Amino acid sequence: MEFSVKSGSPEKQRISCVAVGVFESRKLSHSAQILDEASDGYIANLIRRGECEGKLGQTLLLHNVPNTLCDRVLLIGCGREKNFDTGSFQKTNNMVAKFLDERGATEVFSCLTELPIKSRDIAWKVSQAVQATEDALYSFDQLKTVKESTRRPLRKIIFSVPSRRELPDSEQAVRNGMAIASGMTLAKDLANLPGNICTPSYLAEQAKALGKTYRDLKVEILEESDMEELKMGSFLSVSRGSRQPAKLITMEYAGGDKNQKPIVFVGKGVTFDSGGISLKPGAAMDEMKYDMCGAASVIGVMSTCAELQLPINVVGIVPATENLPDGLATKPGDIVTSMSGTTIEILNTDAEGRLILCDALTYAGKYDPHVVIDIATLTGACIIALGNHPSGLMGNHNPLINDLLNAGKISGDRCWELPLWDDYQQQLDSNFADIANIGGKEAGTITAACFLSRFTKKYHWSHLDIAGTAWRSGKQKGATGRPVPLLTQYLLNYIAEQKL
Ligand code: BES
Ligand code: MN
Ligand code: ZN
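Residues numbered from 1 in each chain as written. Chains lettered and ligands numbered in written order. Predicted model: local features only at pLDDT ≥ 70, side-chain atom pairs only at ≥ 80, totals over all residues. Heavy atoms only, no water.

**Focus: the overall build of the chain**
Per the secondary structure count, the chain includes 14 helices and 21 strands. With the C-alpha coordinates of the chain rotated into their principal frame, the extents come out at 80 × 50 × 45 Å. In the chain, which comprises 500 residues, the proportion classed as buried is 58%. Long-range contacts, defined here as pairs at least 24 residues apart, represent 77% of the contacts in the chain between residues at least 6 apart. As displayed, the chain offers around 21,300 Å² of accessible surface, 48% of which is attributable to carbon and sulfur atoms. The distance from the centre of the 54 positive side-chain charges to the centre of the 58 negative ones in the chain is 5 Å. (Helix = DSSP H or I, 4+ residues; strand = E, 2+ residues; numbered from the N terminus. Buried < 20%, exposed > 50% of the residue type's maximum accessible area, 1.4 Å probe, protein only. Contact = heavy atoms within 4.5 Å. Areas by Shrake-Rupley, 256 points an atom, 1.4 Å probe, with all protein chains shown as cover. Lys, Arg positive; Asp, Glu negative; His and termini not counted. Charge placed at Lys NZ, Arg CZ, Asp CG, Glu CD.)

In structure tokens, the structure reads:
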């Protein structure tokens, strides 16, 4: 998609479509009013007759509106004006893209960017609109031999900005939005690929390929033999049950000066989670190909950083493995020694995410990080607690938690804090080792984070449980690309605060 920004009056655009908002009930947005005046009340007249109430997501396509230079005017319902927020902004932009893509309008001048949202500026709106558009038009058809194609697809969107003064910021916002969208697309593609294609080796190759594309992104792959040398007994206990070799992928992006401490992301990369010997039930087990969404988001955000040439240092670490019940597989009751020296009694081989993350988190210490954020589809309990709206957030440093909550609000890719209190730690007590890998059925998301907290004492750390947010189930099954927007926003805020 081609995106640009322009300041100009809607009736003067010589283009296949102009999109404008209508609020509930029947209240014209600023640009809709201008079109209405130019056309002597044509639009207000239709609306009065009940053609468009302005309900969120409602659409009405008009042709040859008098005294305008465009072929079509798309009215798009925005819901109640006082409720218009990040979610409605994303939804309306999403609708415009989907609707026009199917109707032969190849170019649109979108005035949705004029709609006021409390404490959001034009740059925010442009970046969000770009992301929502790309998200709307994403499809995964790599593995279909017959592809659905639109005969005359939407190919160009021009966002309206109030005046020429806003052009430079808005152009930068287009670039930001596109880089975030392409990080999300990469994350979605990797996640949507099935486990027989997207193996740990495949993830490693994709990371390597990114390293070839971007000069300041250095990618290194550690093999199982390297991990043995590093004494990653916990990580290796998971890959034992699989014939696909595990990989530890490290991506180092150096955009800042040498003595700037890096922000480190660690992403769970279980390319298929059968549960291992503690085998999962069969229903919907296919969805466990998504158990590498943390990894995908880390790879996605690394590509966004490199694309935007952000002036910071960022490291991405991805422990990648399958979790399968082959003959050598770890058994319930087995005790392993992690890289940190802590011994772990594996009471359930399906709690494998924490077993690979703990060694990756210990490894992260070598970077002397500013902060470490891990991202993982870690617990089904997180979906029970929070559903599909926010990611679960926990950590050992309040300022970092607040920064992530704030980045979530701004990006619309939200997270919500759960209490990582010491009270929960005793649920991990083991009779035979330093800790057990499960903490019973209560507060499963928190005890999983408690487990990780044992390995992150040396630095500021946060954990995002994305089990509910990284993909959608059901008919619209597919990866969401989250939390790439959240993580990128966190980095952009950090850069702005540090005045880098
Ligand atoms: N990958 C799963 C978590 C998961 C389950 C994510 C369903 C999304 C949907 C993880 O490895 C897992 O199996 N966790 C167990 C932990 C339990 C054994 C303590 C779970 O959530 O059931
Ligand atoms: Mn599991
Ligand atoms: Zn898992």
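**A short note on the pairing of strand β4 (residues 59-63)**
Across the two faces of β4 the burial differs, with Leu60 and Leu62 buried and Thr59, Leu61 and His63 not buried at all. Where β4 lies against strand β5 (residues 72-80), five bridges are found, and the strand directions are antiparallel. Bridge pairing links leucine 62 to valine 73 in β5. (Pairing = 2+ DSSP bridges.)

**As for the domain arrangement of the chain**
For the chain, the assigned domains are domain 1 (2-161) and domain 2 (179-498). Of note, the centres of domain 1 and domain 2, computed from C-alpha atoms alone, are 37 Å apart. Listed as interface residues are 13 residues of domain 1 and, on the opposing side, 16 residues of domain 2. Regarding the contact of domain 1 and domain 2, the summed buried area is about 1,100 Å², with carbon and sulfur atoms giving 54% of it. (Domains from an automatic or database assignment. Buried area = accessible area lost by both parts, 1.4 Å probe.)

**As for the nonpolar core**
By size, the foremost hydrophobic cluster in this structure holds 62 residues, and its most contacted members are Met251, Phe265, Ile373 and Leu491. Residue contributions to this core peak at 10 residues, all from helix α9 (residues 293-308). Residues in contact with isoleucine 373, not counting those within four places in the same chain, are Val264, Phe265, Val266, Leu400, Leu404, Ser462, Leu464, Leu487 and Tyr490. Judged by nonpolar contacts, the second largest core, of 45 residues, contains Leu222, Val266, Ile317 and Ile435. (Core = buried A, V, L, I, M, F, W, Y, C linked by side-chain atoms within 4.5 Å.)

**Some points on the coordination of the zinc ion (ligand 3)**
At this site the zinc ion (ligand 3) is bound by Lys268 (NZ), Asp273 (OD), Asp291 (OD) and Glu352 (OE), with donor distances of 2.0 to 2.4 Å. Around the zinc ion (ligand 3) sit six donor atoms, and with donor-metal-donor angles ranging over 78 to 177° the site reads as octahedral. Read from N- to C-terminus, the donor residues coordinating the zinc ion (ligand 3) fall into the pattern K-x4-D-x17-D-x60-E. A gap of 3.2 Å separates the zinc ion (ligand 3) and the manganese ion (ligand 2), which aspartate 273 links by coordinating each metal. Of this pair, lysine 268 sits in the loop between β10 (263-267) and β11 (269-273) while glutamate 352 sits in the loop between β14 (343-346) and α10 (353-364); the two residues are 84 residues apart in sequence, bridging distant segments of the chain. For the pair lysine 268 and glutamate 352, a shared accessibility class is recorded, and that class is buried. (Donors = N, O, S within 2.8 Å, 3.2 Å for Na, K, Ca; no water. Tetrahedral: all angles 85-135°; square planar, octahedral: opposite > 155°, others 65-115°.)

**What to know about the sheet that holds strand β18 (residues 435-436)**
An order of β13-β14-β18 is seen for the three strands of this open sheet, with the pairing classed as mixed. Two strands lie at the open edges of the sheet, namely β13 (334-337) and β18, each paired on one side alone. The sheet contact formed by β13 and β14 spans four bridges and is antiparallel. Note that in β14 the partner of isoleucine 335 across the bridge is glutamate 345.

**Quick notes on helix α13 (residues 444-453)**
Across the 10 residues of α13, 10 count as buried, placing the element largely inside the fold. Listed as buried for α13 are Gly444, Thr445, Ile446, Thr447, Ala448, Ala449, Cys450, Phe451, Leu452 and Ser453.

**Let's talk about the side chain of threonine 342**
You can see threonine 342 is positioned in the loop between β13 and β14. Contacts of threonine 342, omitting those with residues within four sequence positions, involve Val336, Thr337, Asp434, Ile435 and Phe455.

**Observations regarding the pattern of salt bridges**
Note that side chains of opposite charge can pair when their charged atoms are close. Under the definition given, this model contains 18 salt bridges. Its salt-bridge partner being aspartate 286, residue lysine 477 comes within 2.7 Å of it at the nearest N-O pair. Taken as a pair, lysine 477 in the loop between β20 (471-472) and β21 (478-479) and aspartate 286 in the loop between β11 and α9 lie far apart in primary sequence, 191 residues in all. Take lysine 477: its relative accessible area is 38%, and that puts it in the partly exposed class. With a relative accessible area of 39%, aspartate 286 lands in the partly exposed category. Taking the shortest distance from any N to any O, the salt bridge between aspartate 413 and arginine 482 comes out at 2.6 Å. Placement of aspartate 413 in the loop between α12 (398-411) and β17 (415-417) and of arginine 482 in the loop between β21 and α14 (484-498) is noted, with a sequence separation of 69 residues between them. Salt bridges sharing partners connect three or more residues here, namely Glu24, Lys55 and Arg80. (Salt bridge = Lys/Arg side-chain N within 4 Å of Asp/Glu carboxyl O.)

**Quick word on the coordination of the manganese ion (ligand 2)**
Note on the manganese ion (ligand 2): its protein donors are Asp273 (OD), Asp350 (O), Asp350 (OD) and Glu352 (OE). The metal-donor distances range over 2.0 to 2.2 Å. Around the manganese ion (ligand 2) sit six donor atoms; with metal-centred angles ranging over 72 to 169°, the donor geometry is irregular. The sequence motif formed by the donor residues of the manganese ion (ligand 2) is D-x76-D-x1-E. You can call aspartate 273 buried: its relative accessible area is 3%. Residue classification places aspartate 350 among the partly exposed residues on the basis of a relative accessible area of 21%.

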